[in-house]
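Observations on chain architecture
Residues per chain are reported as follows:
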4 protein chains.
Amino acid sequence: MIKVGIIGATGYAGGELVRILTAHKDAEIVWYGSRSYIEEKYAKVYQNMFQIVDDVCMDDNMEELAEKVDVIFTATPQGLCASLVNDDILSKVKVIDLSADFRIKDVAVYEKWYGITHQSPQYIGEAVYGLCELNREDVKKARLVANPGCYTTCSILTAYPLIKEGLIDADTLIIDAKSGTSGAGRGAKVPNLYCEVNENIKAYGVASHRHTPEIEEQLGYAAGRKITLNFTPHLVPMNRGILVTAYATLLPGKGADGSLSLPDYGQIKAAYDKYYRDEKFVRVLEKGVCPETKWVEGSNYVDINFVIDERTGRIIMMGALDNLVKGAAGAAVQNMNLMFGLPEHEGLELVPMFP
Amino acid sequence: MIKVGIIGATGYAGGELVRILTAHKDAEIVWYGSRSYIEEKYAKVYQNMFQIVDDVCMDDNMEELAEKVDVIFTATPQGLCASLVNDDILSKVKVIDLSADFRIKDVAVYEKWYGITHQSPQYIGEAVYGLCELNREDVKKARLVANPGCYTTCSILTAYPLIKEGLIDADTLIIDAKSGTSGAGRGAKVPNLYCEVNENIKAYGVASHRHTPEIEEQLGYAAGRKITLNFTPHLVPMNRGILVTAYATLLPGKGADGSLSLPDYGQIKAAYDKYYRDEKFVRVLEKGVCPETKWVEGSNYVDINFVIDERTGRIIMMGALDNLVKGAAGAAVQNMNLMFGLPEHEGLELVPMFP
Amino acid sequence: MIKVGIIGATGYAGGELVRILTAHKDAEIVWYGSRSYIEEKYAKVYQNMFQIVDDVCMDDNMEELAEKVDVIFTATPQGLCASLVNDDILSKVKVIDLSADFRIKDVAVYEKWYGITHQSPQYIGEAVYGLCELNREDVKKARLVANPGCYTTCSILTAYPLIKEGLIDADTLIIDAKSGTSGAGRGAKVPNLYCEVNENIKAYGVASHRHTPEIEEQLGYAAGRKITLNFTPHLVPMNRGILVTAYATLLPGKGADGSLSLPDYGQIKAAYDKYYRDEKFVRVLEKGVCPETKWVEGSNYVDINFVIDERTGRIIMMGALDNLVKGAAGAAVQNMNLMFGLPEHEGLELVPMFP
Amino acid sequence: MIKVGIIGATGYAGGELVRILTAHKDAEIVWYGSRSYIEEKYAKVYQNMFQIVDDVCMDDNMEELAEKVDVIFTATPQGLCASLVNDDILSKVKVIDLSADFRIKDVAVYEKWYGITHQSPQYIGEAVYGLCELNREDVKKARLVANPGCYTTCSILTAYPLIKEGLIDADTLIIDAKSGTSGAGRGAKVPNLYCEVNENIKAYGVASHRHTPEIEEQLGYAAGRKITLNFTPHLVPMNRGILVTAYATLLPGKGADGSLSLPDYGQIKAAYDKYYRDEKFVRVLEKGVCPETKWVEGSNYVDINFVIDERTGRIIMMGALDNLVKGAAGAAVQNMNLMFGLPEHEGLELVPMFP
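Analysis parameters
- Residues numbered from 1 in each chain as written.
- Chains lettered and ligands numbered in written order.
- Predicted model: local features only at pLDDT ≥ 70, side-chain atom pairs only at ≥ 80, totals over all residues.
- Heavy atoms only, no water.
- Least-squares fit on C-alpha atoms with pLDDT ≥ 70 in both.
- Contact = heavy atoms within 4.5 Å.
- Salt bridge = Lys/Arg side-chain N within 4 Å of Asp/Glu carboxyl O.
- Helix = DSSP H or I, 4+ residues; strand = E, 2+ residues; numbered from the N terminus.
- Buried < 20%, exposed > 50% of the residue type's maximum accessible area, 1.4 Å probe, protein only.
- Arc of directions from axis to C-beta.
- Buried area = accessible area lost by both parts, 1.4 Å probe.
- Polar contact = N/O pair within 3.5 Å; in protein donor to acceptor, adjacent residues only side chain to side chain.
- Nonpolar A, V, L, I, M, F, W, Y, C, P; charged D, E, K, R; others polar.

**Observations concerning the relation of the copies chain D and chain B**
After a rotation of 180 degrees and a shift along the axis of 0.0 Å, chain D superposes on chain B with an RMSD of 0.0 Å. In short, the pair behaves as if placed about a two-fold rotation axis. Here 100% of the contact residues of chain D are again contact residues in chain B; the copies associate through an equivalent surface.

Put into structure tokens, the structure is as follows:
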């Protein structure tokens with residue numbers, strides 16, 4: 001039984017970790033960290049856990065935690081994990097960081113987009129970017145995993161095969177993303193009030209959202225070079241779910257007869273299948289079916305599909321996931337499973353809930 | 001492995017049966033009945049089931065089904081199950097009917113409130129009202145179970161202990177219930193369109209809703225006499241969840257010194273505990289905490305609590321459940337578990353999802 | 001042109017006052033008071049007012065205001081208005097207080113339910129309870145009007161004629177109310193976050209909500225005696241709207257032949273018509289039509305109807321209004337119109353918006 | 001007083017025409033056409049109009065209508081208006097068609113995208129595309145106006161000045177649009193049910209939506225040549241509102257010193273101001289403020305803003321409107337005002353409702 005400690009257990013991502021791990025047969029949460037609710041019963045904060053979780057919330061003491069648990073999840077604001085880890089801790093316990101602290105390899109890029117000084121850049125090198133579908137083998141050996149962002153997971157998985165296979169021009173990539181409100185966290189702020197979000201949609205962080213460099217870095221690896229793209233997030237009046245609609249110009253390829261032509265449905269589909277055929281959590285939908293966030297709600301799936309627009313020579317790629325599961329806690333547990341040699345899907349066979 | 005057939009698998013309750021049974025380790029669905037979608041892939045109707053369910057939808061042939069399965073769930077409109085069952089079928093297979101056909105013992109009451117002629121009144125007598133918390137032992141032996149209505153389950157469990165213990169005057173009971181929209185089913189009707197339900201609340205079926213006689217019958221058994229009460233359902237702009245707010249006049253009891261006085265918090269709490277202390281799926285909340293539908297979403301729990309109003313001598317009881325789980329499919333699986341000698345909670349340890 | 005000052009112009013009720021008064025042909029807002037946003041442009045706080053309102057927010061200086069305006073609206077938390085008014089101010093300017101400070105005649109009741117000491121009880125006597133449908137003539141002469149609460153307006157208007165006419169037993173009255181989330185105000189609190197309210201319904205303030213004594217006082221005047229009743233508010237996932245479902249036992253009356261019998265549809269309808277036939281803003285619906293909050297959204301209407309339940313001898317009364325209009329700002333403007341001798345409906349002929 | 005007839009008065013756009021015209025001081029609706037509800041009271045279909053509209057619904061007899069009214073609004077499915085108009089009718093009455101029948105000048109394009117044969121192509125030439133901000137003078141003289149589509153109005157107004165001024169490359173234009181559900185109409189279809197739309201977002205009509213050629217035609221006029229672009233609509237869980245997020249590559253211009261450089265904030269802002277400075281219903285927001293659909297709800301405004309992304313050389317343009325007002329009925333009334341020589345904003349000074 002893997003002993004788990006969570007720092008930041010009362011945020012929405014932390015709560016989702018608790019929901020998933022509570023039903024995980026090989027893991028047991030022994031530390032519900034929450035600086036805001038120290039010594040309060042966890043089930044008073046999240047009443048859904050009444051009679052399921054009896055523990056009280058604890059402070060964020062990573063040193064003590066390292067003695068008691070096998071793995072620490074940090075579901076905390078940027079900067080906290082980087083300020084707490086050290087050699088001693090990493091020698092005793094595995095760390096899965098749900099914040100952005102170890103996602104970006106270039107510390108200058110991190111510091112520019114996040115506006116904070118990185119407290120432990122010495123660990124960035126060894127940290128593994130925990131997108132299991134891309135980095136499975138590295139995750140298995142990691143002691144420090146940078147769990148990907150919600151928008152980034154959706155964006156990367158949606159576009160990755162086409163960039164990797166050279167089917168689209170990566171620099172034409174425009175990602176228009178839409179997210180449910182849980183992505184904004186549980187902080188009490190006016191813009192997140194029910195009456196401000198309900199019956200409303202808006203873009204935010206236009207040309208400046210912090211997930212941009214993370215997407216660029218990862219898709220840049222696929223492209224084999226540095227790329228620059230547009231990413232625009234939107235706030236949607238729903239609790240969960242991210243939908244990515246991504247646009248790119250198709251690159252012509254040489255046909256059997258040597259002539260150049262744009263890739264067709266079959267070629268694009270084959271590229272997706274090449275990378276995702278054996279991926280349990282990535283579902284490439286049947287032709288003509290658009291992903292909908294509701295179809296993956298509560299589950300670890302990403303649903304992906306695409307439409308070729310011959311008029312403009314562009315492809316429209318679409319991806320949908322649950323931002324709290326595959327976009328956060330589910331992916332983190334998937335990483336944990338790999339790191340501890342468990343079946344990757346253990347505790348993650350969550351059937352999407354509809355309606 | 002229990003072989004399961006579902007008639008009405010593409011309604012919302014049918015879909016929820018599929019969601020729950022797909023993750024049930026001792027059951028296997030072998031027949032997805034749906035007259036509207038015969039020969040279509042089930043996962044085309046409910047895209048959340050893509051790559052999870054590969055089967056196609058079948059017609060509603062109960063005779064054939066009886067040969068192939070161990071238990072049939074009928075998640076169909078009123079009248080259908082009663083028109084299909086016969087001695088031969090009941091001798092071969094267990095039937096759990098999610099419609100109202102076998103819930104009401106007095107056929108005249110059924111026919112009056114539902115406005116249809118009962119096609120097989122001869123089975124009403126043997127049918128067991130499948131509210132496991134009240135009729136556990138009878139369910140275990142039943143071959144025909146009448147799965148309770150969603151509003152009724154919530155209403156009955158909320159008021160039962162107080163009526164049974166004589167703490168409230170059953171004839172003063174007023175049940176004001178609020179339901180999410182999935183309770184209205186998946187039929188394409190203007191009043192259920194998004195724009196008609198969203199940003200709106202209304203009462204409906206006032207003084208005439210069909211769950212009224214079902215509540216009266218079951219609570220009448222608790223009272224030991226026929227009772228009459230008010231039940232008013234409301235349509236709430238949310239997908240899932242029922243909240244019952246029930247009002248009744250407290251009955252004075254004799255204290256240790258022989259004087260009459262109204263029951264206090266401790267006495268009421270003791271009554272709830274007497275009946276629900278060992279019930280896994282009924283959670284009597286801590287003092288001062290009001291049930292919220294969100295806290296039970298996706299799970300088989302009913303959350304219950306109460307407030308005594310000394311000014312008026314009344315008690316306000318509150319109960320919350322997920323209408324598709326404890327109010328329909330979850331309760332049906334709970335019944336199945338009992339009927340087949342499985343642990344009652346098998347496949348039902350669904351942790352509520354929040355947010 | 002009436003010069004208007006608003007204290008608390010950036011709350012939801014204050015914002016609605018601005019929306020209504022902006023289109024009022026005989027009024028002009030000259031003071032947008034908002035302690036939180038002093039010197040910020042009003043249209044930065046409420047971007048819907050961009051290019052409509054150019055003013056900046058001002059501090060809450062009632063003395064200065066009294067020199068500059070003809071009427072002050074206080075859309076502020078309890079206690080503020082009572083702490084600011086004085087003889088000098090009341091001699092110069094009319095005050096319409098949207099808080100509870102002057103609604104309750106018995107200061108002890110106010111202090112008990114609100115938990116604060118009343119700062120100017122000397123004005124409670126002269127303050128007129130500004131429910132125009134009941135107190136029209138007094139409002140016309142008032143210099144200090146206590147604008148009714150949102151729940152109370154809906155509850156009182158729904159039950160008033162039947163109590164006044166002795167058709168129901170006032171002490172059996174149970175009011176189950178449901179409100180949109182704007183009623184909770186614009187304060188940044190976790191329970192009002194989108195993800196906490198959405199897909200959820202709950203009761204709150206059970207047996208303790210502050211609108212209870214206000215309803216009891218006003219309906220007590222109609223009954224001609226002190227009454228006690230149950231009032232339970234619920235939070236509904238929608239922005240606007242209050243629905244009241246009220247239950248009471250019908251009182252038998254003497255028929256033409258001297259025998260006692262319960263009132264029938266015609267008698268109840270006649271009672272409603274007696275009081276509301278000429279009321280522009282109260283719409284008693286046609287038989288069988290249940291009020292829905294969406295049908296009054298954005299307007300000053302209250303929609304009312306009822307169903308008699310002969311089985312239980314009770315009547316179910318229903319009322320719906322927009323909590324920010326007839327439940328707050330609309331009613332306040334209606335009061336202003338009366339106080340300044342304008343047509344009562346001036347600026348209030350807002351057609352409900354659907355969907 | 002202008003006498004108005006509406007064909008299709010019980011759809012959502014028709015209902016909005018009724019809401020707006022009811023409060024219009026120079027217009028009077030004398031014909032509420034609705035084939036589905038003939039002889040039913042209009043206020044039974046839209047209960048919000050109880051005691052406001054007393055008329056009953058009439059059949060769609062355009063010949064008879066032409067005798068009785070000054071202007072006919074057709075808020076009907078594609079094809080109906082084109083099948084009904086003729087010389088006689090157009091000689092007697094002005095027609096404002098809210099369908100797509102007369103929006104597209106090239107009948108072959110219309111027939112290809114809409115899949116129907118145009119019944120009266122002879123009137124396409126004289127029909128004026130009723131986007132008042134672009135075609136004001138032509139609208140004044142028109143007897144047949146093609147009221148623009150909701151998505152198209154938002155898309156065109158958002159991009160128009162930059163294309164007209166040659167600041168962006170029109171062929172790089174990608175329009176990602178998000179709409180509330182009222183845009184799908186009031187037809188009873190499963191995909192528009194509350195439970196299917198709520199808590200969900202999806203793209204639809206990808207690379208095939210019928211508003212595409214309409215946008216291309218109108219923006220092509222601005223570009224002075226045929227253009228091709230991408231347009232992707234999404235369904236958002238809210239009643240009203242369209243948000244357009246549009247991406248395009250900025251075109252370098254010659255600076256004062258003859259060197260080429262991308263346009264900066266000031267140049268882009270100046271272009272918007274050039275066209276919209278005097279437009280009452282187009283609000284170009286202050287720097288840094290993103291349009292939100294809620295801020296224009298219930299009003300005839302379009303809110304527009306933009307962000308330059310220097311990293312990619314693209315501009316992100318954003319526009320928001322209420323699809324039933326500026327996107328349909330409000331624009332139609334704006335056209336009517338122009339056609340009858342009234343002030344353009346008559347009856348349209350609707351203050352946006354928030355929240």
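**What to know about the pattern of salt bridges**
Across all of its chains, the model carries 114 salt bridges over all chains by this definition. C:Arg186 is paired through a salt bridge with A:Glu196; the nearest N and O atoms lie 2.8 Å apart. One end of the pair, C:Arg186, is in the loop between strand 8 (174–179) and helix 9 (194–197); the other, A:Glu196, is in helix 9 (residues 194–197), on a second chain. Considered together, C:Arg186 and A:Glu196 belong to a single accessibility category, that of buried residues. The shortest N-O distance in the salt bridge between C:Lys326 and C:Glu133 comes to 3.0 Å. Note that C:Lys326 is positioned in helix 12 (residues 325–339) and C:Glu133 in helix 7 (residues 132–141), a separation of 193 residues in sequence. The same class applies to C:Lys326 as to C:Glu133, namely buried.

**A word on unusual backbone geometry**
All names here are of chain A. In the segment running from Phe354 into Pro355, the intervening peptide bond is cis, with an omega of -5 degrees. Within the secondary structure, Pro355 sits in the segment after helix 12 (325–339). Its identity is not glycine, yet Gln51 carries a phi of approximately 65 degrees, on the positive side. Here Gln51 shows up in the loop between helix 2 (42–45) and helix 3 (62–68).

**Overview of helix 7 (residues 132–141) of chain D**
All names here are of chain D. Among all positions of helix 7, only Cys132, Glu133, Asn135 and Val139 are buried. One side of helix 7 holds all its buried residues, which, seen down the axis, span an arc of 125 degrees. Against strand 6 (128–129), strand 7 (144–146), helix 8 (150–164), strand 14 (282–284) and helix 12 (325–339) lie the buried residues of helix 7.

**A short note on the interface of chain D and chain A**
Between chain D and chain A, the contact holds 48 residues from the first and 48 residues from the second. The largest contributions to the chain D side of the interface with chain A come from D:Glu199, D:Ile201 and D:Arg311, which together make up 17% of the buried area. Inspection of the chain D/chain A interface yields six salt bridges. D:Arg311 is the salt-bridge partner of A:Glu216, the closest N and O atoms lying 2.5 Å from each other. Here chain D and chain A share 30 residue pairs in polar contact (both at pLDDT 80 or more) between them. Put simply, the parts of the chain that give the side of chain D that touches chain A at least two residues each are strand 8 (174–179), helix 9 (194–197), strand 9 (202–203), helix 10 (211–223), strand 10 (230–235), strand 11 (242–249), strand 15 (302–309) and strand 16 (314–321) of chain D. Broken down by element, the residue count for the side of chain D that touches chain A peaks at four residues, all from strand 8 of chain D. For the side of chain D that touches chain A, the residue count by class is 22 nonpolar, 12 polar and 14 charged.

Honestly, it's all geometry; don't read function into it.
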